[in-house]
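A look at the structure
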Amino acid sequence: MIDLTDIDKKILEEVQLDFPLSERPFKIISKRISITEEEIISRITYLKEENIIRDISAIFKAGPLGYKSTLVAVKTDDPETTAERVNGHQGVSHNYLREHKYNLWFTITIRNEIDFRTEIADLLGPKVKNFLLLPSLKTYKIGVNFTFSDKKRESSNIILKKS
């Protein structure tokens, strides 16, 4: 674990809560916390290298864009190799090893016209035949915003929304 500076904490709070949709988002954030754009980029690069920041990205609603998604549970004798195959698919957003009969679970998003069973079978390869498609029946999105400074937020850190 690394010790976060006060600036690191401010940066982490800013990028979670209100990331600017701008040609130069880090310049806008730098003005909010009174440091240079270069320092913001440098600190974020460092925090990414230290695995404090996993990713900074947008989350889109799949349906209106012509996509569908599902959770997949896989029973495999070689979870590490299977996980590597799965991770190579551009539509996979989460992939977890589990202590369970179905020992690899991942979410995948694909175009509406593609068949899930065919896509998953091709992705897993001929050695893995046992998988379950677990589509959501009702979607709830949870957002967790971590507070790093001592200040209290007016709103809850966990937001649950039906979508």
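A short tour of the structure in this document, coming up. (Residues numbered from 1 in each chain as written. Predicted model: local features only at pLDDT ≥ 70, side-chain atom pairs only at ≥ 80, totals over all residues. Heavy atoms only, no water.)

A word on the overall build of the chain. Scanning the chain for helices and strands turns up 5 helices and 6 strands. Helices (α) and strands (β) of the chain occur, in sequence order from the N terminus, as α-α-α-β-α-β-β-α-β-β-β. Counting every position in the chain, which comprises 163 residues, the buried fraction comes to 28%. In the chain, 53% of the contacts between residues at least 6 apart in sequence involve partners at least 24 apart. Carbon and sulfur atoms form 52% of the exposed surface of the chain, whose accessible area is close to 11900 Å². (Helix = DSSP H or I, 4+ residues; strand = E, 2+ residues; numbered from the N terminus. Buried < 20%, exposed > 50% of the residue type's maximum accessible area, 1.4 Å probe, protein only. Contact = heavy atoms within 4.5 Å. Areas by Shrake-Rupley, 256 points an atom, 1.4 Å probe, with all protein chains shown as cover.)

Attention now moves to the nonpolar core. Of all hydrophobic cores here, the largest spans 15 residues; its most connected members are Val72, Val74, Val86, Phe106, Ile108, Ile120 and Leu124. Of all the secondary structure elements, the ones that give two or more residues to this core are β1 (67-75), α4 (79-87), β3 (104-111) and α5 (116-124). When neighbours within four sequence positions are excluded, valine 72 is seen to be in contact with Leu104, Trp105, Phe106, Ile108, Ile120, Phe131, Leu132 and Leu133. Ile11, Ile33, Ile35 and Ile44 belong to the second largest nonpolar core, which has 11 residues in total. (Core = buried A, V, L, I, M, F, W, Y, C linked by side-chain atoms within 4.5 Å.)

Another aspect to go through is helix α3 (residues 37-49). Over its 13 residues, α3 runs 18 Å from end to end, which matches the ideal 18 Å to within 8%, given 1.5 Å per residue. Those residues of α3 lying buried are Glu37, Ile40, Arg43, Ile44 and Leu47. Each buried residue of α3 lies within a common arc of 130° when the element is viewed along its axis, so the set occupies one face. α3 presents Glu38 and Glu49 as exposed residues on the side facing more than 90 degrees away from its buried surface. On its buried face, α3 sits against α1 (6-17) and α2 (25-33). Following α3 by one or two positions, asparagine 51 has its phi on the positive side, about 60°. (Expected span 1.5 Å × (residues − 1). Arc of directions from axis to C-beta.)

What follows concerns the packing of aromatic side chains. Taken as a whole and judged by the stated rule, the model has 1 aromatic pair. Here the aromatic rings of phenylalanine 19 and phenylalanine 26 are separated by 5.7 Å at their centres, their planes lie at 80°, and the arrangement is edge-to-face. What makes phenylalanine 19 partly exposed here is its relative accessible area of 28%. In this structure, arginine 98 packs its charged tip against the face of tryptophan 105, placed 5.1 Å from the ring centre. (Phe/Tyr/Trp six-rings, centres within 6.5 Å; stacked < 30°, edge-to-face > 60°. Lys NZ or Arg CZ within 6 Å of the ring centre and 35° of its normal.)

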